[in-house]
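For reference, the chains in residue letters:
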Amino acid sequence: APPDALKILVSIVEDKDGQPPSFDAMRSKMVHPGTIEAARVLVEALRQPARLNDRTLLSAFLISAYPAEVLDADEKDKRAKMLAKASCGLVSAIQALAGTLSEGSISSDFVR
């Protein structure tokens, strides 16, 4: 279900103490079949499969936490900066949506 997928995806970027996991720990979480399935479920629920796929979504999570390591770009690379900014925005929106659902502020029916 999409709400469960949101919880799984948010857990990629936060450890139990609320801090981002190490790069290797995050990468390991991302290749787990359950995480890949959660990304697929969320993309399908958003009805954006032509514009966004599970691999792109998961890449955004890694880029948002470790832009320098993933993009390996210098400070003048405008595309890398734009990609990092967009990734952070997408991940923040997903975290906010997951938080709103967990608070019960909106119905989980909205992501079906």
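The residue count restarts for each chain, going from 1 along the sequence in the order it is written. The model is predicted, so local features are restricted to residues of pLDDT at least 70 and side-chain atom pairs to those at 80 or more, both for listing and for counting; the totals for chains, interfaces and linings are taken over all residues. The side-chain quantities take in all heavy atoms of the structure and omit both hydrogens and water.

Asks: Run through the pattern of salt bridges, naming residues and quoting values.
Replies: The salt bridge definition used is simple: a Lys or Arg side-chain nitrogen within 4 Å of an Asp or Glu carboxyl oxygen. All told, the structure shown has 3 salt bridges when counted by the stated rule. Across the pair Arg27 and Asp24 runs a salt bridge whose closest N-O atoms are separated by 3.1 Å. Linking Arg27 with Asp24, this pair stays in helix 2 (residues 23-30), spanning 3 residues, or about one helical turn. We call a residue buried when its accessible area falls under 20% of the maximum for its residue type, exposed when it is over 50%, and partly exposed in between, using a 1.4 Å probe and counting protein chains only. Assessed through its relative accessible area of 45%, Asp24 is described here as partly exposed. For Arg40, the salt bridge identified is with Glu44, shortest N-O distance 2.6 Å. Taken together, the positions of Arg40 and Glu44, both in helix 3 (residues 33-46) and 4 residues apart, correspond to about one turn of that helix. Judged by its relative accessible area of 31%, Arg40 falls in the partly exposed class. Segments assigned H or I by DSSP are reported as helices when at least four residues long, segments assigned E as strands when at least two residues long, and all are numbered from the N terminus.

Asks: Lay out the packing of helix 1 (residues 2-13) against helix 2 with the relevant residues and their values.
Replies: Every angle, taken between N-to-C directions, lies between 0 and 180 degrees, and every axis is a line fitted to C-alpha atoms, over only the stretch in contact when it is a helix. Close contact between helix 1 and helix 2 brings their axes to 8 Å; oriented N to C, the two are set at 160 degrees. As summarised for this structure, helix 1 and helix 2 are arranged roughly antiparallel, according to the angle between their axes. Two secondary-structure elements touch here, helix 1 through Ser11, Ile12 and Val13 and helix 2 through Met26, Lys29 and Met30. Looking at the contact of helix 1 with helix 2 residue by residue, the class counts come to 4 nonpolar, 1 polar and 1 charged. Roughly parallel covers angles under 35 degrees, roughly antiparallel covers those over 145, roughly perpendicular covers 65 to 115, and oblique covers all other angles. A contact between two residues is defined here by any heavy atoms of the two lying within 4.5 Å. Each residue is assigned to one class: nonpolar for Ala, Val, Leu, Ile, Met, Phe, Trp, Tyr, Cys and Pro, charged for Asp, Glu, Lys and Arg, and polar for all the others, Gly among them.

Asks: Would you mind going over the nonpolar core in detail, with residue names and values included?
Replies: Side-chain atoms within 4.5 Å link the members of a nonpolar core, which is a set of buried Ala, Val, Leu, Ile, Met, Phe, Trp, Tyr and Cys residues. Membership of the largest hydrophobic core comes to 24 residues, with the highest contact counts inside it found for Leu9, Ile12, Leu57 and Phe61. Only helix 1, helix 2, helix 3, helix 4 (54-65) and helix 6 (78-103) provide two or more residues apiece to this core. Ranked by residues supplied to this core, first place goes to helix 1 with 6 residues. Setting aside residues no more than four positions away along its own chain, Leu9 makes contact with Thr35, Ala38, Ala39, Leu42, Leu57, Leu58 and Phe61.

Asks: Could you give an account of the packing of helix 3 against helix 4, naming the residues involved and the relevant values?
Replies: The contact between helix 3 and helix 4 brings their axes to 8 Å, and the two run at 110 degrees. It follows that helix 3 is roughly perpendicular to helix 4 by the angle criterion. Helix 3 and helix 4 meet at a crossing whose hand is right-handed. Two secondary-structure elements touch here, helix 3 through Thr35, Ile36, Ala39, Arg40, Leu42 and Val43 and helix 4 through Asp54, Leu57 and Leu58. Looking at the contact of helix 3 with helix 4, its residues break down into 6 nonpolar, 1 polar and 2 charged. Take the far helix as your reference; a near helix turned counterclockwise from it by less than a right angle gives a left-handed crossing, and one turned clockwise gives a right-handed crossing.

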